[in-house]
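Spelled out from the first residue to the last, the chains are:
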Amino acid sequence: TDALGIYPKVCPEDIARRSQALHNLSINKKYKFLQKNINRISNVLIESYEEGFLSGFSSNYIRVKTEGDPKEINTVIPLKMTCVDGDEMIGHRLN
């Protein structure tokens, strides 16, 4: 590509530093986005079940876990998002 002929080259240390800065920015922005969704109610499409927990995605693509039964896979459940757990949220049923 034409990029091979561009000079001066960026040193590997700068590349690593910039990459780390972008990675940290991504993590911070995702955490803030998840925080903004606490106490919101969202319909979650349940996709899987593991060790007593259902897991699926909300309408705005947030991974949400809740307690449930494997028979609920492929259903939509309204959940109140209550807290952030790593890179996903915990949801509680409304009833």
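Please refer to the structure placed before this passage.
Residues numbered from 1 in each chain as written. Predicted model: local features only at pLDDT ≥ 70, side-chain atom pairs only at ≥ 80, totals over all residues. Heavy atoms only, no water.

Caption draft 1: Looking closely at the pairing of strand E1 (residues 41-50). Summarising the sheet, E1 and strand E4 (residues 76-85) pair through five bridges and their orientation is antiparallel. Paired with Asn-43 across the two strands is Pro-78, which belongs to E4. The pairing of E1 with strand E2 (residues 53-58) spans six bridges and is antiparallel. Across the sheet, the residue bridging to Ile-46 is Gly-56, located in E2. Counting the residues in the hairpin turn of E1 and E2 gives two residues, including Glu-51, whose phi is positive at 50 degrees. (Pairing = 2+ DSSP bridges. Helix = DSSP H or I, 4+ residues; strand = E, 2+ residues; numbered from the N terminus.)

Caption draft 2: Broad picture of the sheet that holds E1. The sheet built from five strands closes into a barrel, its strands ordered E1-E2-E3-E5-E4 with mixed pairing. Across the sheet, the axes of successive neighbouring strands diverge by a mean angle of 50 degrees, strand direction being ignored. (Axes fitted to C-alpha atoms, helices over the stretch in contact; angles between N-to-C directions.)

Caption draft 3: The packing of aromatic side chains, seen in detail. Scanning the entire structure with this criterion turns up zero aromatic pairs. Lying over the aromatic face of Tyr-7, Lys-9 brings its terminal NZ or CZ to 4.8 Å of the ring centre. A cation over a ring is seen here: Lys-65 above Phe-53, with NZ or CZ 5.4 Å from the ring centre. (Phe/Tyr/Trp six-rings, centres within 6.5 Å; stacked < 30°, edge-to-face > 60°. Lys NZ or Arg CZ within 6 Å of the ring centre and 35° of its normal.)

The values reported here are purely geometric and, on their own, carry no functional implication.
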